[in-house]
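These are the residues of each chain, in order.
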Amino acid sequence: MNNHKNDENLTLAEKYMDRGDFDKALGYYEKAAEEAKDPTAINAAMQLIRDYQNAEDYVDSEQYTEAIAALKQLRDRVTDKDSTMYKSIEDLLSKAQSAQSDSAFASDLEEAQGYLEDDKLDAASGKLDSLEQDSSLTDEQRKQVEDMKNKLQSAKDSAQQQQENGAEEIRAQAGVLERDGRAGERRSQDLLGGERRG
């Protein structure tokens, strides 16, 4: 066993950790663990890196709930709050929470769009009102909600116009029937009157 080589591997692993290059740090930690008398501390550092990498994989695969839970646990295990690892965890946690929020917003907006397309205007209105009350929305998200509310208003106006047109058409048809009915009554009276005279 070469203590000098082990110290060199640990030094390099720590340098890469400080730079945030966790892949290279892990490689040097693995070499150091092979040569260490007691690799307990090294194994703990390697597990920390592997857990961080797993959390990154969760974020990359859009499994935000899992990523957030893993990162919160991981953050609790890091004792040095000024370390690059701690800052990286915080950054990735923020990214996962933001992405989760964006994903939920997109899903809610898509749901409102579906209601709108299915002419479920009250349901669309309720979903958009709920989104509008969310104080965490970005300016772009607020604009998307406003655009959707404008579409909803147009759909409501169109439905109202169709309803008014339908009511007007029914009134017109009722008027025609009423005129036809009076004309028919007059013809009947004329016929009856003609038969009595004859």
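Given the structure is predicted, the values throughout are model-derived calculations rather than measurements.

Chemist: Which parts of the structure should I look at to understand helix α6 (residues 121-132)?
Modeler: One turn of the α-helix equals 3.6 residues, which is why residues spaced by three or four share an orientation. If you check α6, its first and last C-alpha atoms are 16 Å apart, about what twelve residues at 1.5 Å a residue would give, namely 16 Å. All buried positions along α6 are accounted for by Leu121, Ala124, Ser125, Lys127, Leu128 and Leu131. On an axial view of α6, the arc spanned by its buried residues comes to 165°, and they lie on one face.

Chemist: Looking at this structure, how should I read helix α3 (residues 40-60)?
Modeler: Compared with an ideal rise of 1.5 Å per residue, which puts 21 residues at 30 Å, α3 spans 30 Å between its outermost C-alpha atoms and is within 8% of the ideal. Burial in α3 covers these residues: Ile42, Ala45, Met46, Leu48, Ile49, Asp51, Tyr52, Gln53, Ala55 and Val59. Just downstream of α3 lies Glu62, where phi reads positive at about 60°.

Chemist: What is the right way to read the nonpolar core from this model?
Modeler: For soluble globular proteins, the rule of thumb is that nonpolar side chains tend to be buried together. Of all hydrophobic cores here, the largest spans 31 residues; its most connected members are Tyr29, Ile49, Tyr52, Leu71 and Met85. Put simply, the parts of the chain that give this core at least two residues each are α1 (3-19), α2 (22-35), α3, α4 (64-77) and α5 (84-117). The greatest single-element share of this core, amounting to eight residues, is contributed by α3. If we ignore the near neighbours within four places in the chain, the residues touching Met85 are Met17, Phe22, Leu48, Ile49, Tyr52 and Val78.

Chemist: What should I look at first to understand the packing of aromatic side chains in this one?
Modeler: Two aromatic rings are characterised by how far apart their centres lie and by the angle between their planes. Scanning the entire structure with this criterion turns up two aromatic pairs. The interplanar angle of 10° and the centroid separation of 5.7 Å between the aromatic rings of Tyr16 and Tyr28 together place this pair among those described as stacked. Placement of the pair is Tyr16 in helix α1 and Tyr28 in helix α2, with a sequence separation of twelve residues. Under the relative-accessibility criterion, Tyr16 is labelled buried at 16%. Assessed through its relative accessible area of 23%, Tyr28 is described here as partly exposed. Each ring, one from Phe22 and one from Tyr52, has its centre 5.1 Å from the other, and the planes form 70°; the classification is edge-to-face. Placement of the pair is Phe22 in helix α2 and Tyr52 in helix α3, with a sequence separation of 30 residues. Judged by its relative accessible area of 7%, Phe22 is buried. Overall, the relative accessible area of 7% leaves Tyr52 in the buried class.

Chemist: I tried to follow the packing of α2 against α3 on my own but got confused; where do I start?
Modeler: Relative placement of two packed helices is described by the angle separating their axes and the distance separating the axes. Relative orientation of the contacting elements α2 and α3 amounts to 150°, with a least axis distance of 9 Å. Comparing the axis directions of α2 and α3 gives the class roughly antiparallel. Note on packing geometry: the crossing formed by α2 with α3 is left-handed. Contacts between α2 and α3 pair Phe22, Asp23, Ala25, Leu26, Tyr29, Glu30, Ala32 and Ala33 from the former with Ile42, Asn43, Ala45, Met46, Ile49, Arg50, Tyr52 and Gln53 from the latter. Residues of the contact of α2 with α3, tallied by class, amount to eleven nonpolar, two polar and three charged.

What counts and how
Residues numbered from 1 in each chain as written. Predicted model: local features only at pLDDT ≥ 70, side-chain atom pairs only at ≥ 80, totals over all residues. Heavy atoms only, no water. Helix = DSSP H or I, 4+ residues; strand = E, 2+ residues; numbered from the N terminus. Expected span 1.5 Å × (residues − 1). Buried < 20%, exposed > 50% of the residue type's maximum accessible area, 1.4 Å probe, protein only. Arc of directions from axis to C-beta. Core = buried A, V, L, I, M, F, W, Y, C linked by side-chain atoms within 4.5 Å. Contact = heavy atoms within 4.5 Å. Phe/Tyr/Trp six-rings, centres within 6.5 Å; stacked < 30°, edge-to-face > 60°. Axes fitted to C-alpha atoms, helices over the stretch in contact; angles between N-to-C directions. Parallel < 35°, antiparallel > 145°, perpendicular 65-115°, else oblique. Left-handed = near helix turned anticlockwise from the far one by under 90°. Nonpolar A, V, L, I, M, F, W, Y, C, P; charged D, E, K, R; others polar.

The values are spatial; any link to function lies outside them.
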